[in-house]
Protein chains: 2
Amino acid sequence: MKKMVYYFGKNNSEGGADMKALLGGKGANLAEMARIGLPVPPGFTITTEVCTAFYANNKNYPEGLRDEVNANLRKIEQDMGAEFGNQDNPLLVSCRSGARISMPGMMDTVLNIGLNDRTVEGLIRRTDNPRFGYDSYRRFIGMYGDVVMGVKFRLFENILNEIKKRRGLRHESELTTDELKEVCRRFKDVIARATDAEFPENPEDQIWGAIGAVFNSWNIPRAVTYRRLNHIPEDWGTAVNVQTMVFGNMGPTSATGVAFTRNPAAGEKVFFGEYLANAQGEDVVAGIRTPQPINKAQKSDPEQVSLEELMPEIYQELSKYYQKLENHYKDMQDLEFTIQEGKLYMLQTRVGKRTGFAALRIAVDMVDEGLIDKRTAVTRVEPEQLTHLLSPIFDPEDKKAVLKKGRFLAKGINAGPGAASGKIAFSADRAFQMANEDDSVILVRIETSPEDIHGMAASQGILTAQGGSTSHAALVARGMGKCCVVGCNALNIDYDEKKMTVNNVVLSEGDYISLDGSAGEVINGRMDTYPSEIAQVLIEKTLKQEDSLLFRRYEKFMTWVDEIRDIGVRTNADTPKDSSVAVSLGAEGIGLCRTEHMFFEGNRIDSMREMILAENKTGRIKALNKLLPMQREDFIGIFKAMNGRPVTIRTLDPPLHEFLPHTDEELEELGEKIQVDAEVLKRKARSLREANPMLGHRGCRLGNVYPEITRMQARAIIEAAVAVKKEGIDVKPEIMIPLVAELREFENQRKVVNEVAEEVFKEENESVDYLVGTMIELPRACLTADRIAEQAEFFSFGTNDLTQTTFGISRDDAGSFLPFYVAQGILPWDPFQTLDFIGVGGLMKIGIEKGRKTRPDLKIGICGEHGGDPETVKFCRRVGLNYVSCSPYRIPVAKLAAAQEVLEKE
Amino acid sequence: MKKMVYYFGKNNSEGGADMKALLGGKGANLAEMARIGLPVPPGFTITTEVCTAFYANNKNYPEGLRDEVNANLRKIEQDMGAEFGNQDNPLLVSCRSGARISMPGMMDTVLNIGLNDRTVEGLIRRTDNPRFGYDSYRRFIGMYGDVVMGVKFRLFENILNEIKKRRGLRHESELTTDELKEVCRRFKDVIARATDAEFPENPEDQIWGAIGAVFNSWNIPRAVTYRRLNHIPEDWGTAVNVQTMVFGNMGPTSATGVAFTRNPAAGEKVFFGEYLANAQGEDVVAGIRTPQPINKAQKSDPEQVSLEELMPEIYQELSKYYQKLENHYKDMQDLEFTIQEGKLYMLQTRVGKRTGFAALRIAVDMVDEGLIDKRTAVTRVEPEQLTHLLSPIFDPEDKKAVLKKGRFLAKGINAGPGAASGKIAFSADRAFQMANEDDSVILVRIETSPEDIHGMAASQGILTAQGGSTSHAALVARGMGKCCVVGCNALNIDYDEKKMTVNNVVLSEGDYISLDGSAGEVINGRMDTYPSEIAQVLIEKTLKQEDSLLFRRYEKFMTWVDEIRDIGVRTNADTPKDSSVAVSLGAEGIGLCRTEHMFFEGNRIDSMREMILAENKTGRIKALNKLLPMQREDFIGIFKAMNGRPVTIRTLDPPLHEFLPHTDEELEELGEKIQVDAEVLKRKARSLREANPMLGHRGCRLGNVYPEITRMQARAIIEAAVAVKKEGIDVKPEIMIPLVAELREFENQRKVVNEVAEEVFKEENESVDYLVGTMIELPRACLTADRIAEQAEFFSFGTNDLTQTTFGISRDDAGSFLPFYVAQGILPWDPFQTLDFIGVGGLMKIGIEKGRKTRPDLKIGICGEHGGDPETVKFCRRVGLNYVSCSPYRIPVAKLAAAQEVLEKE
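Residues numbered from 1 in each chain as written. Chains lettered and ligands numbered in written order. Predicted model: local features only at pLDDT ≥ 70, side-chain atom pairs only at ≥ 80, totals over all residues. Heavy atoms only, no water.

Let us now look at the overall build of chain A. Regarding its fold elements, chain A presents 36 helices and 29 strands. Relative to a compact globule of 906 residues, whose C-alpha radius of gyration would be 29 Å, chain A shows 33 Å and is just as compact. Here the C-alpha coordinates of chain A stretch approximately 105 × 60 × 60 Å along the principal axes. A buried classification covers 57% of the 906 residues belonging to chain A. In chain A, 67% of the contacts between residues at least 6 apart in sequence involve partners at least 24 apart. If you sum the accessible surface of chain A, you get close to 37000 Å²; carbon and sulfur atoms cover 47% of it. Separation of charge centres in chain A, based on 114 positive and 132 negative side chains, amounts to 2 Å. (Helix = DSSP H or I, 4+ residues; strand = E, 2+ residues; numbered from the N terminus. Rg over C-alpha atoms; globule rule 2.2 N^0.38 Å. Buried < 20%, exposed > 50% of the residue type's maximum accessible area, 1.4 Å probe, protein only. Contact = heavy atoms within 4.5 Å. Areas by Shrake-Rupley, 256 points an atom, 1.4 Å probe, with all protein chains shown as cover. Lys, Arg positive; Asp, Glu negative; His and termini not counted. Charge placed at Lys NZ, Arg CZ, Asp CG, Glu CD.)

Structure, rendered in structure tokens:
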């Protein structure tokens with residue numbers, strides 16, 4: 001066996017930041033900090049290889065480990081001038097897990113190892129603080145009993161609660177030293193009763209118990225599930241970090257704190273953080289005392305005492321370290337430190353989490369500062385974060401004022417970015433209705449389901465009481481780019497009464513609430529929202545580019561992204577307006593224009609219904625001729641908005657019954673309107689009804705059975721293209737035939753399109769170049785792509801339907817099991833959100849390979865909703881797609897993901 | 001260019017039977033007959049290669065063809081002692097297509113070439129029969145005008161009709177010579193007016209016109225469609241046969257006839273046929289005169305005059321030839337002959353079509369006679385024909401009597417074999433209801449649709465007015481092995497009045513009719529049906545094996561089949577009774593036992609509903625416990641019936657809402673019955689309703705969300721297996737998890753099954769071997785089969801669902817486009833009947849390859865309805881399946897198909 005233990009400490013680090021695979025993230029960074037001279041409490045890391053060997057060898061340690069650990073313990077003693085188990089000057093250590101990738105809270109930790117009935121007295125003598133000594137001791141016994149000896153933590157809590165109750169105390173910090181002594185004794189009794197074993201007084205037994213517990217925790221269910229969900233291989237293993245304990249609660253010259261090297265909210269280059277004097281990390285979490293700002297610049301209140309003021313020398317030292325760390329890691333760092341009796345210790349450094357705004361600014365600033373290059377900058381913003389920049393916002397001053405007035409209601413999970421304010425609606429139908437009455441609406445549900453989609457689309461924001469960041473509401477909101485807060489457990493919703501109670505505030509339908517989707521906050525009452533600064537520049541055009549620093553950073557960043565990116569990004573847009581927005585946001589074309597959406601507008605639906613109800617082809621053609629000029633106008637508008645960029649237009653896709661009313665009353669009404677006997681209408685509607693409409697008479701099956709529909713649509717497209725060309729505007733129509741399973745279906749439709757185009761060219765004495773291609777959205781299309789490519793001039797993967805058919809899952813019906821599947825880890829993620837790479841992606845690979853075998857230069861894109869999902873975009877580039885297409889607001893996201901994939905593959 | 005024309009004639013044949021690719025079937029057989037010395041009217045064949053060259057070279061003939069044709073024409077003249085175009089002794093020829101595979105009626109034919117205004121007089125002089133001369137001439141002009149010159153045949157018919165009307169005649173045969181002369185003249189006028197060209201008087205122009213027309217007819221739409229439907233490659237081309245005309249209508253010593261070398265209905269070894277004296281082939285078709293039996297043995301009436309009696313010498317000669325031909329071809333032949341003025345000519349020989357009974361008998365007899373070996377015999381019965389042997393029958397004497405009484409009503413297409421008799425029902429619901437009242441029912445519909453399935457299943461027979469042999473009714477009936485007649489256009493059905501009129505007979509609901517599905521006949525009134533002889537032996541056991549000659553032949557034949565066959569044949573069976581029948585019919589196991597069918601019986605449905613409506617797991621378990629003993633009893637019965645053969649049992653598959661009533665009234669009724677508030681029931685039913693149930697919460701998604709269901713079913717299976725084993729009967733349960741898309745779905749279910757099995761084994765102190773495998777019925781299962789095979793112990797392809805998802809077609813909704821697709825050749829066949837080899841089959845191949853990569857000895861079967869389709873069975877063997885599973889009555893079919901595939905691949 002190779003070296004199994006790596007020491008870190010005073011200028012004596014055996015590891016470093018590049019050894020994360022062997023030492024885990026935490027261990028590698030501790031070693032690195034020590035290596036570059038920062039004051040890290042000395043310790044050592046047992047490698048991940050030992051973990052792997054431990055499991056390979058039936059949970060036995062490799063030979064020699066004990067000697068290596070002991071040798072390193074001696075080194076710590078030497079460094080610290082204290083001795084493990086010594087009753088006068090006891091060394092205390094912590095034992096923590098540390099995997100290659102952070103698995104927060106998943107594995108076990110034991111603190112204060114080395115305490116026993118004798119050493120606790122030494123600790124008290126050295127600190128002159130009996131309460132501190134016994135508080136540390138009881139914490140250690142409880143943690144050890146729970147983590148190492150498997151005693152239910154509840155049993156320890158019961159004891160504390162009983163004493164607190166007896167004494168009428170509210171918090172453990174009020175317990176006296178004697179009471180803490182009693183706690184220690186009773187904790188030990190519980191252990192003995194529950195396990196038939198004694199709490200180990202011997203520090204060496206303690207440390208091996210803790211090491212074993214950490215290794216074992218690699219395979220406890222919650223860690224296994226977490227790994228499965230996050231695709232962390234089982235054989236990576238965890239490292240174990242044993243480190244000297246330091247205490248921020250040893251008196252007035254002690255403290256503990258966290259800091260960021262730049263502001264994680266807005267990104268400006270200032271040292272940013274908070275601390276608590278005479279406190280432990282736990283106290284911050286418990287929320288009994290309010291942390292103080294780290295420096296004067298951050299003070300918002302003269303009452304506050306910053307670390308800079310309280311301990312100026314320590315603050316100077318810390319400032320030196322933070323700069324050193326940022327320069328060393330060349331990224332914004334998130335630091336933990338403890339000051340023990342006037343001495344500063346650095347406990348952790350890691351890359352700091354940040355908002356989208358901060359990520360963009362830090363990336364651009366660091367390039368300007370010469371710290372990183374452009375390519376690195378492009379890796380420093382998460383694609384999803386770019387949506388934050390486009391979402392509506394609250395004015396920060398408004399927000400502060402509102403919070404001060406106590407209008408904060410509750411916090412949930414931030415599932416969709418931006419800000420929204422509106423009247424409460426407790427059902428999708430009601431939301432839809434209120435929105436139609438021009439109200440701003442916030443849809444509030446216990447949880448949402450597919451039937452709520454229309455209400456979600458009509459609302460400004462969505463709030464749910466249940467569900468996590470992969471719940472239906474979260475997914476849909478993300479797809480719609482809509483402000484959303486989910487899993488807000490404080491809500492108590494009563495649908496029947498149309499009321500909800502939130503922390504004693506009662507709100508009714510129609511009352512105003514406001515959501516901060518980025519923070520996950522729910523606020524009472526109405527607040528004004530504003531288009532984001534970037535939207536003001538790009539979409540509203542109310543702010544000049546040169547007046548927005550944020551926009552200039554954004555523009556700079558996106559230029560770098562575009563330089564690196566090597567696949568196209570188009571948009572899904574059905575109207576001239578959407579097309580314009582998409583172009584503003586960087587669309588390089590339209591990848592999917594759904595013509596049927598146009599049929600629902602105004603009195604078009606009447607002509608559509610007339611077509612559906614026609615007795616024969618003549619009747620259908622008559623009705624279609626009414627639709628022709630309207631479709632042509634739409635296409636003219638879209639072609640103009642796209643100004644020479646390619647526009648992929650899909651011919652009619654949904655089953656015809658979608659265009660008919662559903663209830664008998666509505667049918668009767670329609671009958672009167674179009675002068676058709678209601679019974680005839682009802683019979684027709686019944687005959688069109690389908691058991692599984694998703695797999696029914698739709699897509700090119702319509703155009704094959706009723707070629708006159710395709711004829712009309714082709715005519716509208718080609719006439720529009722010719723008209724636009726005659727105005728001197730470039731135009732590139734790409735006609736896309738949906739739901740093709742078999743070459744001949746496509747062949748027939750292409751023939752119709754080509755015939756119509758020739759007719760129009762002759763009539764107009766002008767021609768345009770156009771392509772006829774197909775959506776690949778059925779497994780059979782992938783499997784026969786070589787045949788289809790004989791005729792099709794381009795492919796576009798429709799991954800929504802392809803996912804439904806590949807899995808045999810109807811998206812509309814998946815609510816009863818898919819969330820369960822994701823929660824249980826049966827599926828690693830919702831395949832309608834991020835593509836299923838092995839199944840659906842496997843079919844795509846087959847389709848691409850076969851298609852290009854026939855037609856090596858075949859242009860292939862994707863136009864399912866997956867086209868805006870970063871991981872899917874990366875996959876699409878890996879498998880050789882020419883472009884992705886997504887909703888307008890996700891264009892920057894897709895571009896960034898595509899560029900990052902280039903960099904990842906370099 | 002190689003030799004382009006092959007001569008056949010008196011002992012001078014250049015071709016032979018083995019040259020079908022080059023000379024076409026007809027040409028090769030004519031050459032062969034001439035070669036072995038039979039009197040064939042001399043002629044020649046232009047090869048298929050010329051056809052290919054003709055199309056490759058822009059419809060120009062290869063150089064030298066004209067010379068070769070002329071040289072061969074001279075040979076005919078020499079052989080016949082007549083001269084082409086000679087006005088005293090004119091040679092007349094026919095010109096016919098002849099592809100490698102027969103394409104009956106698809107391409108063009110021209111007869112009597114060589115006639116013109118002068119040669120017709122020569123013909124008359126030679127035959128002394130002016131009527132014959134002008135009749136031949138007018139037929140030629142009409143045929144030539146239509147086929148070669150493109151004049152609509154209707155224009156010629158108009159003239160004939162006009163003259164007939166003027167003269168008050170019923171048939172053309174009543175026209176006088178003068179009238180026929182008038183016809184000739186007016187036909188020529190029509191040609192001149194319609195084409196701006198004259199009818200060619202020059203015989204050489206005529207023959208080249210005819211040859212060109214035949215080659216051109218290779219690419220007329222109906223021929224192209226036929227080729228597409230029958231998978232005949234375009235580049236095979238057709239040959240052209242030019243042959244001396246002989247006439248059976250030259251007087252009393254002339255005749256024409258057809259014959260079979262054995263009886264094509266029952267198969268006995270007797271010469272069998274009919275003839276007409278002084279007649280042409282057309283006269284037989286026109287049905288004006290009744291053909292006479294060919295020999296005395298066949299006479300059913302003393303009035304009849306057999307050829308044996310009328311022309312004993314010719315009959316002797318013919319007998320010699322038929323024996324020679326059968327011995328030569330070693331198969332039953334279908335012959336055409338013509339006697340011209342006392343001289344016998346053989347015009348055609350080909351393999352004779354025959355019924356299933358005849359096919360079996362001929363195959364077995366020929367082996368007994370030493371004519372063929374067993375392996376050849378196995379190729380001589382079409383798999384589908386074996387179903388005839390198992391279908392119910394009418395007594396042949398009854399049938400004769402009934403027909404004599406004029407009870408024959410109409411003829412349709414024979415779509416499902418056997419005989420059926422029952423009361424008419426005009427709707428599926430009514431059929432279902434009447435069947436429940438113990439009536440025998442014949443469901444009569446204009447056409448059927450998927451909503452009619454329950455009525456079809458409840459009926460004895462199905463009769464439709466519309467639709468062909470691939471219509472819904474035909475396909476479903478075939479699958480159910482049910483008697484069925486489709487496309488019976490004579491039916492005039494009035495659903496509202498519940499009446500139909502058939503050739504002036506009015507029948508109402510409840511009236512009796514009878515169907516002969518093998519003949520496609522509809523008979524008025526009731527007839528008794530009997531189990532077929534094989535069914536009497538095997539299933540009814542009312543007839544001893546040794547008493548049935550037919551059975552002994554069948555048994556012998558199936559033994560040969562089984563010797564050759566190398567994949568297994570199992571059955572789909574859900575009850576002990578079906579299982580027994582299947583074993584009788586040769587099932588080697590159960591490939592699919594659908595447990596849910598058991599839940600619909602009696603009061604089980606109540607417990608099922610109780611389970612579905614339960615508030616929580618405890619409630620579900622309580623209801624499931626009621627179902628447990630019933631399921632266990634079913635499995636015990638099935639295991640016993642299968643007596644040690646493997647039994648694959650699928651866990652619950654359909655969505656739960658299928659078990660609930662659908663209408664509000666039914667729900668209210670149920671509510672009262674099970675003491676649950678009707679509103680609660682309705683809400684629950686609504687919440688379970690799905691947009692696309694086919695893709696909804698079903699299959700293993702149920703077992704994953706409600707593992708208690710799988711637990712109950714696993715317990716029922718394992719307890720039953722243990723109980724049966726304790727009785728000393730061998731038992732091999734194979735538990736099959738449906739609708740798996742992802743390994744983990746299967747893994748969870750398998751864990752549940754294994755846990756339950758361990759529990760039962762402990763409780764019972766006995767264990768059984770069992771397997772846990774999965775249905776592969778989703779594209780994703782095929783694509784991830786390597787992963788699934790890590791856990792699954794067997795695969796069974798569920799090709800019904802796999803076809804639905806691969807195509808994205810719901811079988812229930814396909815009626816609006818799938819028949820259209822098949823009719824238009826967009827799809828070559830209905831993929832729910834015969835597997836789609838490239839798409840669905842392609843996925844199967846991926847699944848097989850990936851599955852066996854992980855688990856090389858993986859047992860793989862198929863249990864979709866395709867398992868009983870002969871072409872699919874052959875495919876399954878080609879791709880390496882271990883077995884197919886089909887409905888009991890299709891077991892012999894599947895076995896024979898599997899054996900034939902072995903022989904085809906040798």
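Attention shifts here to the pairing of strand S28 (residues 859–862) of chain A. Residues and elements named next belong to chain A. Sheet topology places strand S27 (residues 794–797) next to S28; 4 bridges connect them, and they run parallel. Of the residues in S28, the one forming a bridge with Phe794 is Lys859. Where S28 meets strand S29 (residues 883–886), 2 bridges bridge the pair, whose relative direction is parallel. The partner of Ile862 across the bridge, within S29, is Val884. A crossover connection joins S28 to the parallel S29 through helix H35 (residues 870–878); in handedness this β-α-β unit is right-handed. (Pairing = 2+ DSSP bridges. Right-handed = clockwise from strand over helix to strand, strands pointing away.)

Once that is clear, we can look at the relation of the copies chain B and chain A. Its rotation angle being 179 degrees, the transformation that places chain B on chain A also includes 0.2 Å of axial translation and leaves an RMSD of 0.2 Å. Interpreted geometrically, this transformation is the action of a two-fold axis. Among all C-alpha atoms of chain B, that of Asn692 of chain B lies closest to the rotation axis, at 2.1 Å. Both copies present the same face, since 100% of the interface residues in chain B are matched by interface residues at the equivalent positions in chain A. (Least-squares fit on C-alpha atoms with pLDDT ≥ 70 in both.)

Residue and element names in this part refer to chain B. Ordered by their spatial adjacency, 8 strands build a closed barrel running S24-S25-S26-S27-S28-S29-S30-S31, and the pairing between neighbours is parallel. Strand-to-strand twist across the sheet, computed as the mean angle between neighbouring axes with direction ignored, equals 30 degrees. Relative to strand S29 (residues 794–797), strand S28 (residues 771–776) runs parallel, the two sharing 3 bridges. Bridging from a neighbouring strand, Ile776 pairs with Phe797 of S29. Here helix H24 (residues 617–642) sits on the sheet in contact with strand S25 (590–594), strand S26 (646–650) and strand S27 (732–737), set at roughly 150 degrees to S26. Along the sheet, helix H36 (residues 891–904) makes contact with strand S24 (568–572) and strand S31 (883–886), crossing S24 at roughly 155 degrees. (Axes fitted to C-alpha atoms, helices over the stretch in contact; angles between N-to-C directions.)

This next bit is on the interface of chain B and chain A. The partner chain A presents 44 residues to the 44 residues of chain B that form the contact. Across the chain B to chain A interface the summed buried area is about 3900 Å²; carbon plus sulfur atoms make up 62%. Taken together, the links from chain B to chain A amount to 2 salt bridges. A salt bridge links Arg780 of chain A to Asp836 of chain B; the nearest nitrogen and oxygen atoms lie 2.6 Å apart. For the pair chain B and chain A, the number of links is 22 residue pairs in polar contact (both at pLDDT 80 or more). At the level of elements, helix H27 (700–705), helix H29 (743–764), helix H30 (779–783), helix H32 (799–807), helix H33 (818–823) and helix H34 (840–854) of chain B are the ones that each hand at least two residues to the side of chain B that touches chain A. At 4 residues, H27 of chain B tops the list of elements feeding residues into the side of chain B that touches chain A. A per-class count over the side of chain B that touches chain A returns 20 nonpolar, 13 polar and 11 charged. (Buried area = accessible area lost by both parts, 1.4 Å probe. Salt bridge = Lys/Arg side-chain N within 4 Å of Asp/Glu carboxyl O. Polar contact = N/O pair within 3.5 Å; in protein donor to acceptor, adjacent residues only side chain to side chain. Nonpolar A, V, L, I, M, F, W, Y, C, P; charged D, E, K, R; others polar.)

Once that is clear, we can look at the environment of Glu777 of chain A. All names here are of chain A. Take Glu777: it is sitting in the loop between strand S26 (771–776) and helix H30 (779–783). Note: C-alpha distance between Glu777 and Pro738 (39 residues apart in sequence) is 7.8 Å. Here Glu777 is in contact with Asp653, Pro738, Leu739, Gly798, Asp801, Leu802 and Thr805, once residues within four sequence places are set aside. A distance of 2.6 Å separates a polar side-chain atom of Glu777 from the backbone nitrogen of Leu739.

All right, on to unusual backbone geometry then. Here Asp128 of chain A, not a glycine, exhibits a phi torsion of approximately 60 degrees, which is positive. Position of Asp128 of chain A among the secondary structure elements: in the loop between helix H4 (119–127) and helix H5 (130–147). Of note in the backbone geometry, Asp438 of chain B takes a positive phi value of approximately 75 degrees without being a glycine. Turning to its location among the elements, Asp438 of chain B is positioned in the loop between helix H17 (428–436) and strand S15 (441–445).

What follows is about the packing of helix H28 (residues 707–726) of chain A against helix H29 (residues 743–764) of chain A. Residue and element names in this part refer to chain A. At a minimum axis separation of 9 Å, H28 and H29 run at an interaxial angle of 40 degrees. Judged by the inter-axis angle, H28 sits oblique to H29. You can see that H28 and H29 cross each other, and the crossing is right-handed. Seen from H28, the contacting residues are Pro707, Thr710, Arg711, Ala714, Arg715, Ile718, Glu719, Val722 and Lys726; seen from H29, they are Gln749, Val752, Val753, Glu755, Val756, Ala757, Glu759, Val760, Phe761, Glu763 and Glu764. (Parallel < 35°, antiparallel > 145°, perpendicular 65-115°, else oblique. Left-handed = near helix turned anticlockwise from the far one by under 90°.)

Right, let's get into the sheet that holds strand S18 (residues 499–502) of chain A. All names here are of chain A. Strands sit in the order S17-S18-S19 across an open sheet of 3 strands; the sheet is antiparallel. The open sheet is flanked by strand S17 (491–494) and strand S19 (505–508), the only strands paired with a single partner. On average, each strand axis in the sheet is inclined to that of its neighbour by 20 degrees, with strand direction left out of account. Of the pairings in the sheet, the one linking S18 to S19 comprises 4 bridges and is antiparallel in character. Looking at the pairing, Thr501 lines up with Val506 of S19.

This paragraph deals with the packing of aromatic side chains. Summed over the entire model, instances satisfying the criterion amount to 46 aromatic pairs over all chains. Look at Tyr134 of chain B and Tyr137 of chain B: their rings are 6.4 Å apart centre to centre, the planes differ by 55 degrees, and that puts the pair in the tilted class. Taken together, the residues span about one helical turn, with Tyr134 of chain B and Tyr137 of chain B both in helix H5 (residues 130–147) at a distance of 3 residues. Its relative accessible area of 1% is what places Tyr137 of chain B among the buried residues. A centroid spacing of 6.5 Å and a plane angle of 65 degrees characterise the contact between Tyr137 of chain B and Phe199 of chain B, whose relative ring orientation is edge-to-face. Residue Tyr137 of chain B is located in helix H5, and its partner Phe199 of chain B is located in the loop between helix H7 (177–195) and helix H8 (203–217); the two are separated by 62 residues in the primary sequence. Owing to a relative accessible area of 4%, Phe199 of chain B belongs among the buried residues under this scheme. Just above the ring of Trp236 of chain A sits the side chain of Arg100 of chain A; from NZ or CZ to the centre is 3.9 Å. (Phe/Tyr/Trp six-rings, centres within 6.5 Å; stacked < 30°, edge-to-face > 60°. Lys NZ or Arg CZ within 6 Å of the ring centre and 35° of its normal.)

Time to look at the pattern of salt bridges. Residues and elements named next belong to chain A. According to the stated counting rule, one finds 131 salt bridges over all chains in the structure shown. The salt bridge partner of Glu734 is Arg570, with a shortest N-O separation of 3.0 Å. In this pair, Glu734 sits in strand S25 (residues 732–737) while Arg570 sits in strand S22 (residues 568–572), placing the two residues 164 residues apart along the sequence. The exposure class of Arg570 is buried, given its relative accessible area of 6%.

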